[in-house]
Structure formats: structure tokens, C-alpha cells
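# Residue-level structural notes
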Amino acid sequence: MGKLYNDKAIREIKEKYTAWEKQVLPRSLNRYSERMESFTTLSNINVKRLYTPIDLPDYNYMDKLGFPSQYPFTRGIHATMYRGRIWTMRMFSGYGSPEDTNKRLKFLISHGETGLSLAFDYPTLVGLDSDHPMARGEVGICGVAVDSLWDMEIIFDGIDMGEITTNMTINPPAPILLSMYISVADKQGVPREKVGGTTQNDPLKEFIAQKSYVFPPEPAVKIAMDLVEWSVKNLPKWNPISISGYHIREAGSDAVQELAFTLADGIEYVRHLIDRGLDVDDFAPRLSFFFDSHINFFEEIAKFRAARRMWAKIMKEWFGAEKERSMWMRFHTQTAGVSLTAQQPFNNIVRTTIEALAAVLGGTQSLHTNSLDEPFRVPSELAAKIALRTQQIIAYETGVADTVDPLAGSYYIEWLTDQVEERAWRYIERIERMGGMIEAVKKGYPQREIADTSYRFQKEVEENKRFIVGVNIFTEEEEEEIRNVPLLDIKQEDIERVQLDRLKKLRSSRDSNKVAEKLDDIRRAAGKGLNLMPYILDAVKSLATLGEIMDTLREVYGEWREPPIY
Amino acid sequence: MERTANLLRGRGRRIKVLVAKLGLDGHDRGAKVVARALRDAGMEVIYTGIRQTPEQVVSAALQEDVDVIGVSILSGAHLNLMKRLIDLLKKEGADDIPVFLGGTIPIPDIPKLKEIGIKEVFLPGTHLNLIRDYILGVVGERKEH
């Protein structure tokens with residue numbers, strides 16, 4: 001296949017460009033000097049004044065871009081993209097008691113949300129029951145409290161699990177939450193092949209960034225891959241893992257690091273699954289991804305496009321995948337929580353809109369938009385509704401969803417996509433040389449890279465090299481606005497009491513011999529290195545609590561303590 | 001910077017700060033950035049790492065004999081956790097150690113936190129210099145007593 005621009009055309013453009021630089025540009029620079037000496041993206045990529053075909057020499061359209069739904073999938077994984085179906089509007093939500101969350105989910109569905117995404121509270125995320133001493137004061141605040149199957153039944157009361165898909169942002173206890181979800185679906189009479197959704201189940205980024213780890217890296221990966229293997233065989237519609245860059249970015253990385261570390265995590269998981277004797281084309285189509293969409297608009301779009309191209313290449317060339325679906329990078333996107341400010345908080349609606357637009361122009365499969373009040377607390381109904389409406393306006397009013405990959409062919413976008421890709425490969429090579437991501441994590445490599453980048457960014461803001469409206473530019477002394485944000489009222493102590501009462505009732509009414517037996521089964525299976533999923537599912541059905549199952553696994557595998565790196 | 005130097009001379013040792021992640025949340029970007037900035041400003045910084053209980057934070061503060069405690073919480077559990085922290089400090093007779101808090105804190109909670117005994121609350125977007133100057137100020141005051 002030929003090049004996009006032939007050598008003669010490039011030569012001509014170069015000549016004219018040189019002439020423009022000599023004759024036109026100086027006049028303009030004399031009249032107005034540029035705002036800054038140099039312009040850089042958030043990943044510190046130097047942005048030139050102007051992009052032309054000269055920046056894409058030897059650019060081969062078919063190699064770099066091709067057509068949507070064809071290798072290397074730069075332009076998107078589906079042939080018609082949003083002309084066929086708008087992305088899934090999936091708002092991350094959950095707070096308080098299971099009853100509160102059930103109400104919130106129904107509210108969002110009634111306003112046009114098309115997929116669910118559950119946020120769990122901290123005790124649940126790190127595998128503690130609500131009555132654990134370390135859970136005091138944290139039950140139901142950051143998400144919904146889930147201790148046992150009873151709680152999951154309440155969350156999905158009146159919601160048809162055969163009709164809607166659910167993402168669960170859960171990591172070490174992922175097999176337990178998945179077991180609860182399936183058990184409720186079983187009760188609703190939904191056949192297993194119809195149960196759809198996602199478990200985040202991505203342990204490596206916990207060590208790198210999100211820090212809700214429990215077990216050390218090796219057993220953490222083992223348990224996560226148990227879920228993937230079991231799910232591929234038993235739940236054909238389930239996405240058993242969501243390989244996540246989001247938290248890496250929120251912890252302070254830049255776009256290139258986010259992309260590179262996420263792919264390196266993915267590579268590690270693929271190797272583990274292949275080592276289990278699975279065929280790459282049997283499991284790869286079920287792998288899914290999750291990215292951040294930050295405020296540096298074009299760089300984010302470039303990142304999403306580069307991500308698809310790189311993953312397709314990794315799957316095809318490194319792992320010999322043959323099915324096209326194995327090469328698809330399907331991803332969810334969330335706008336950048338870290339970009340929101342407590343100052344002049346209504347401006348956050350605008351930031352989220354721009355970030356959401358970048359995600360859509362980058363070809364995301366599903367999207368969460370943050371609410372304006374999130375620098376303070378989990379969102380109020382009103383704030384969550386505005387965030388959802390933001391997506392609906394992008395989808396139905398702006399026309400950006402009417403053609404596939406509309407920014408392709410922009411000299412800048414294509415140049416930047418190449419730049420992001422090239423820099424991400426360099427990171428991946430470095431991690432490969434360390435022996436893969438587990439080794440890199442144990443050495444603290446990605447953790448240190450992220451700490452350095454986030455500190456550098458903060459310094460740049462303080463030195464007015466980067467601007468945040470309301471923080472270091474256009475600031476206001478007295479902020480009436482900040483007090484006008486209506487915040488969600490969480491009656492934490494009441495929620496804690498509800499959960500404690502329910503746990504007490506559960507522990508006194510269930511068959512405790514049976515529970516003990518099922519926990520023993522898990523312990524034995526773990527000792528033998530068996531796939532834990534069937535044993536955990538059994539224990540969940542016998543009403544063992546999340547904390548009890550996690551304690552059993554903690555006994556077997558121990559707990560991770562990280563050396564603080566800053 | 002000049003002020004830092006003066007303080008150093010007057011005290012015969014560097015200002016010692018405990019930066020603590022209290023509770024279960026793992027959002028450590030802010031705590032680490034603050035820890036590094038204070039270290040770069042010439043202070044001695046002890047960072048606890050994540051998932052600390054009030055008991056662990058108080059015990060670290062006493063053992064290390066710190067001048068000030070900076071706590072980071074982004075889980076929303078600040079009222080409960082900070083109350084317990086201050087109660088423990090009081091119990092140990094160490095409530096003269098100034099405690100400040102950073103994180104995602106709803107505005108209406110700030111007066112409640114100050115009532116509990118938290119000296120200052122920093123919201124997202126706070127200048128690092130402001131935190132440094134705040135510490136120089138409170139440690140200076142404390143020394144004069």
C-alpha cells in the first residue's frame with residue numbers, strides 16, 4: 001500500500017513551509033510574541049506551532065489506521081461506531097446502605113442510564129465486614145456496604161439483571177462479589193449465558209496506584225486469573241477483568257505512563273492465562289480496559305487511538321491471536337476526578353464535558369462522567385443527573401457521534417498518536433527488561449515514576465507553568481459559590497447501624513456449621529492451588545460473609561505491606 | 001526559606017512532621033506530594049503509608065516526637081476518624097501537637113472539625129507553600145509557649 005503523501009508533495013510543502021516561516025511568521029511574532037516559550041502536553045510532549053503533512057513523512061494509511069473494525073483498529077473496533085449504537089452511559093454509583101443504592105440505581109435508570117456501575121465502600125473494597133474495627137466510620141460513605149448475599153439481593157431488588165449489565169469496581173474480593181451477583185441472578189431466574197457485566201479484578205494496578213490491595217502480588221494475580229478462567233468458561237457475556245489505567249492516572253501519572261503501565265499489566269495477565277494452558281483466542285475477547293480522560297484534550301484522544309493500535313499489535317504479534325475480537329481493545333472511560341477543583345466547583349461541569357468529549361472522539365465503549373460536587377463527597381442526585389445529561393447532550397445534540405473517528409487525518413492528532421505510542425513502547429520495553437509488571441511493582445518502579453510525575457505537575461502549577469482556573473488563575477477571594485453546592489446528606493451512623501443489625505441477624509439465623517465447612521473447602525482448595533471460584537460461590541450461597549471469606553484467604557496467602565515511596 | 005533557617009537554629013533540630021493516611025482509603029497522591037514538598041523545604045518528614053488506624057498514628061507521633069501531624073483522608077470518614085485521633089492524643093496528654101487535615105472535605109464539616117480540635121483544613125488545590133508556611137507558623141507559636 002502506498003504512502004499518504006508522495007515524496008514530491010512533501011518536498012513541495014516543505015519548500016512552501018520554509019518560505020512561510022521566513023516571510024509570514026516573523027511579522028506575526030514581532031507583533032505578538034507567543035504566550036509561552038514552549039508548549040507541552042501533560043505528558044511533556046513538545047507541541048509545535050503548526051502541523052502539516054511534513055510531520056507525517058512516509059505515513060502509510062493502511063498500516064497506521066486502516067478501517068474501523070479492522071486491524072490495527074486505530075479508528076475504532078466497530079464498523080459504524082456510534083452511528084449504530086451510542087456508547088453505554090454507565091454512571092459509577094453507590095453509597096450508604098444497599099437500600100439507598102437500590103434507590104439511586106433506579107433513579108439513574110429512570111433518567112436514561114443504560115448500564116450500571118457499582119461503587120463499594122472502603123471496608124468492602126479491602127475485604128472487611130461492616131462490623132470489623134477498621135470499618136468504623138467508613139461504612140457506606142464512599143460506596144455501598146456489602147457484607148453478604150443479603151445485601152446484593154437488596155441492591156438489585158426490582159432491577160432485571162437479564163436486561164441490564166453491571167460493572168463492579170472491586171478487586172481483591174472480586175470473586176466474592178461476582179458470586180453474589182450470579183447468585184442473585186440465579187434467584188431472578190436469569191440464565192448464566194445472559195448475565196452481563198464487568199468485574200474490575202485488576203490486581204496489579206492496586207499495587208501501582210489504587211492501593212486497595214490485600215494479598216501480595218503473586219497470589220493476588222492468581223486469584224484474579226481464577227476468576228477470569230472460570231468466567232470465560234461459565235459466563236460468556238461477562239467481562240472478567242477491566243485492566244485499568246484510570247487509577248494510575250488519578251494517582252498522578254501522565255497519559256503516556258497511564259497507557260504504558262496499563263498495557264504492561266495486560267501483558268502480564270495474558271502470560272499468566274496462557275501459562276494455565278488456555279488458548280489466547282478463548283479468553284482474549286473477554287478482556288476489557290478502563291482509562292481516564294483528562295483535560296489535555298488532544299493528547300487524550302491520541303492516547304485512546306494509540307491504545308487500540310498497540311493492544312492489537314501486542315495480541316497479534318506477541319501472543320499470536322488469530323480472532324479479530326482477541327485484538328480488540330474495548331474500554332470504559334471515566335472523566336478525570338483529579339482534574340476537578342474544590343474552588344469554583346460549578347466549573348467542574350465544563351471540565352467534565354470537555355473530558356467526556358475527548359473520550360467519545362477517542363472511541364470509548366462506555367463512559368462515566370464525574371459530578372461537579374465530587375471534590376467534596378459522593379454526588380447528590382442533582383449533580384449526578386447533570387453529569388448524565390452531559391453525555392446525553394454530547395450524544396444527541398452535537399453531531400460528534402455521527403461519523404466514525406472524525407479526527408483521523410488531522411496532522412496534529414496523527415502525529416501525537418504516534419508520539420504517545422512511541423513513548424509508551426519505551427516504557428513497556430523497560431518493564432519487559434525488568435521481567436514484567438509483577439517484578440516492576442515489587443521494585444517500586446511504576447510507583448516511583450508516578451510519584452515523580454505527580455510532584456513535577458504540582459510544582460508546575462505552583463510555578464504558574466500550568467494553569468487551573470480558580471486555583472492559580474482567575475482565583476476569587478471570597479467564594480460564595482462553594483457554599484451553594486448542595487451536598488448529599490449521608491447519615492453514616494444510621495447506615496452503620498443498619499449494616500451491623502443485618503450482620504447480627506445473618507450470623508444468628510444461618511447454618512453456621514455449613515458456613516464453617518464451606519470456608520474449610522476454600523482453605524483446602526487454596527492449599528492445593530485449585531481454581532477458587534466454585535468454592536467461593538458455594539460459600540457465598542451458604543451466607544458466608546465477605547469478611548469471613550477474605551479472612552480465610554488472608555490466612556493462606558498473607559497480606560501485602562508496601563514500602564512507602566514518595 | 002530564611003524563616004526555616006531561623007527556626008532550625010533556634011530549635012537545634014529540623015521541624016519534624018508526621019504525614020499520615022488515616023483510614024482505609026488508598027488515595028495517596030496528595031499525601032505524598034505534601035510529604036515531598038515539606039522534605040524539600042528542609043523539614044524531616046515521616047510518612048506512615050496507607051491504611052492507618054488512629055491508634056497507629058498517635059503511637060507513631062509519640063515515638064517519633066513530631067512537631068506537627070498532617071492527616072490525609074479522601075474517604076469521607078474524616079469526622080469519625082479525626083475525633084478518635086484527637087481523643088487519643090488527649091488521652092496521651094499529647095494534644096498540644098497541632099493536627100491539620102487535607103482531602104475531600106465538605107465545607108459544612110470544616111467548623112465541626114475545628115471544634116473537635118483540628119487546627120487547619122486544606123482542600124484540593126491548596127498551594128504547597130501555604131501548607132509549608134502554615135507549619136512554620138504553628139511550630140513557631142508552639143515553641144514560644
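Remember, it's a predicted structure, so these values are computed and weren't measured experimentally.

Take the overall build of chain A next. The helix and strand tally for chain A stands at 24 helices and 11 strands. Computed over its C-alpha atoms, the radius of gyration of chain A comes to 24 Å, within 12% of the 24 Å expected for a compact globule of 566 residues. Taken along the three principal axes of its C-alpha coordinates, chain A extends 85 × 60 × 45 Å. Evaluated residue by residue, chain A yields a buried proportion of 61% over its 566 residues. Looking at chain A as shown, the accessible area adds up to about 22,500 Å², and 50% of this sits on carbon and sulfur atoms.

Looking now at the side chain of N239 of chain A. Residues and elements named next belong to chain A. By secondary structure assignment, the location of N239 is in strand β7 (residues 238-239). Given a relative accessible area of 12%, N239 falls into the buried group. Beyond its immediate sequence surroundings of up to four residues, N239 is in contact with G197, T198, T199, R286, S288 and R330.

Let us look at empty space enclosed by the protein. Residue and element names in this part refer to chain A. Tallied over the entire structure, the rule returns 7 cavities of 30 Å³ or more. Taken as a whole, the largest cavity holds about 100 Å³ of empty space. Lining the largest cavity are 14 residues, with N171, P172, P203, F215 and A220 sitting closest to its centre. Listed by contribution, the elements that provide at least two residues to the lining of the largest cavity are α8 (204-210) and α9 (217-234). Here the lining of the largest cavity gets 3 residues from one element, more than from any other, and that element is α9. Residue composition of the lining of the largest cavity, by class: 10 nonpolar, 2 polar and 2 charged. Put simply, the second largest cavity is a space of about 70 Å³. Here the lining of the second largest cavity is built from residues that sort into 7 nonpolar, 2 polar and 3 charged.

Here we take up the interface of chain A and chain B. Listed as interface residues are 40 residues of chain A and, on the opposing side, 40 residues of chain B. Between chain A and chain B the total buried area reaches about 3,500 Å² when both faces are included, carbon and sulfur atoms providing 56% of it. Looking at the side of chain A facing chain B, the largest losses of area belong to Y455, E462 and Y566 of chain A, adding up to 23% of the total buried there. Summed over the shared surface of chain A and chain B, the number is 3 salt bridges. Residue D109 of chain B pairs with R377 of chain A through a salt bridge whose shortest N-O separation is 3.7 Å. In this structure, the connection of chain A to chain B is made through 12 residue pairs in polar contact (both at pLDDT 80 or more). The set of elements that each furnish at least two residues to the side of chain A that touches chain B consists of α5 (122-125), α8, α19 (445-462) and α20 (480-483) of chain A. It is α19 of chain A that contributes the most residues to the side of chain A that touches chain B, 6 residues altogether. Its residues assigned to classes, the side of chain A that touches chain B shows 23 nonpolar, 7 polar and 10 charged.

For the rest of this paragraph, the subject is the nonpolar core. Core analysis: the largest hydrophobic core is formed by 172 residues, its most contacted members being W87, M152, F156, W311 and I549 of chain A together with I135 of chain B. Ranked by residue count, the leading element in this core is helix α11 (residues 255-275) of chain A, at 10 residues. Setting aside its immediate chain neighbours within four residues, I135 of chain B contacts I15, V17, L38, M43, V68, F100 and G140 of chain B. Formed by 35 residues, the second largest nonpolar core is a distinct cluster that contains I482 of chain A together with I46, I69 and I107 of chain B.

Before going further, it helps to examine the packing of aromatic side chains. Residues and elements named next belong to chain A. Inspection of every chain in the model, using the stated rule, returns 28 aromatic pairs over all chains. A ring pair is formed by F156 and Y181, whose centres lie 5.2 Å apart and whose planes are at 90°; its orientation type is edge-to-face. Here F156 is found in the loop between α6 (149-155) and β5 (166-168), whereas its partner Y181 is found in helix α7 (residues 174-188), with 25 residues between them in sequence. Counting every residue linked through ring pairs, the aromatic cluster contains Y51, F297, F298, Y412 and W415. Taking NZ or CZ as reference, K316 lies 4.2 Å from the ring centre of Y71, over its face. Positioned over the ring face of Y427 is R430, at 5.0 Å from the centre of the ring.

All names here are of chain B. Overall, parallel pairing links the 5 strands, which are arranged β2-β1-β3-β4-β5 in an open sheet. Strand pairing shows two members of the sheet lacking a second neighbour, β2 (44-47) and β5 (120-122), which therefore form its edges. With direction set aside, neighbouring strand axes in the sheet form an average angle of 20°. Here strand β3 (residues 68-73) pairs with strand β4 (residues 99-103) via 5 bridges, running parallel. For I69, the partnering residue across the bridge sits in β4 and is V99. Docked against the sheet, helix α3 (residues 54-64) engages β1 (16-21), β2 and β3, running at close to 165° with respect to β1.

Next up on the list: the sheet that holds strand β6 (residues 197-199) of chain A. Residues and elements named next belong to chain A. One open sheet accounts for 9 strands, arranged β7-β6-β5-β4-β3-β11-β10-β9-β8; its pairing is parallel. Two strands lie at the open edges of the sheet, namely β7 and β8 (241-244), each paired on one side alone. Across 2 bridges, β6 lies against β7 in parallel orientation. From the neighbouring strand, G197 faces β7, where its bridge partner is W238. Sheet contacts for α11: β8 and β9 (287-293); angle to β9, the most-contacted strand, approximately 165°.

Looking now at the confidence of the model for chain B. All names here are of chain B. For chain B, per-residue confidence averages 91 on the pLDDT scale, and 90% of positions sit at 70 or higher. Per-element averaging of pLDDT across chain B places helix α1 (residues 2-11) at the bottom with 50 and β3 at the top with 98. In the predicted complex, the global pTM is 0.94; the interface-specific ipTM is 0.87.

Under the criterion given, the structure shown has 56 salt bridges over all chains. Linking R497 of chain A and D494 of chain A is a salt bridge whose minimum nitrogen-to-oxygen distance equals 3.5 Å. On the criterion of helical spacing, the pair formed by R497 of chain A and D494 of chain A is a turn pair, its members being 3 residues apart in helix α21 (residues 492-509). Taking relative accessible area as the criterion, R497 of chain A reaches 48% and is therefore assigned partly exposed. With a shortest N-O distance of 2.9 Å, K21 of chain B and D25 of chain B are connected by a salt bridge. One exposure class covers both K21 of chain B and D25 of chain B, and it is buried. Salt bridges here are not isolated pairs; linked through shared partners, they connect D129, D131, R507, R510 and E548 of chain A.

Rules of the game
- Residues numbered from 1 in each chain as written.
- Chains lettered and ligands numbered in written order.
- Predicted model: local features only at pLDDT ≥ 70, side-chain atom pairs only at ≥ 80, totals over all residues.
- Heavy atoms only, no water.
- Helix = DSSP H or I, 4+ residues; strand = E, 2+ residues; numbered from the N terminus.
- Rg over C-alpha atoms; globule rule 2.2 N^0.38 Å.
- Buried < 20%, exposed > 50% of the residue type's maximum accessible area, 1.4 Å probe, protein only.
- Areas by Shrake-Rupley, 256 points an atom, 1.4 Å probe, with all protein chains shown as cover.
- Contact = heavy atoms within 4.5 Å.
- 1 Å grid on protein atoms, 1.4 Å probe; cavity = no way out; pocket = protein on both sides within 12 Å on 5 of 7 lines; lining within 4 Å.
- Points joined across faces, edges and corners; volume = space filled by probe spheres on them.
- Nonpolar A, V, L, I, M, F, W, Y, C, P; charged D, E, K, R; others polar.
- Buried area = accessible area lost by both parts, 1.4 Å probe.
- Salt bridge = Lys/Arg side-chain N within 4 Å of Asp/Glu carboxyl O.
- Polar contact = N/O pair within 3.5 Å; in protein donor to acceptor, adjacent residues only side chain to side chain.
- Core = buried A, V, L, I, M, F, W, Y, C linked by side-chain atoms within 4.5 Å.
- Phe/Tyr/Trp six-rings, centres within 6.5 Å; stacked < 30°, edge-to-face > 60°.
- Lys NZ or Arg CZ within 6 Å of the ring centre and 35° of its normal.
- Pairing = 2+ DSSP bridges.
- Axes fitted to C-alpha atoms, helices over the stretch in contact; angles between N-to-C directions.
- pLDDT = per-residue confidence, 0-100.

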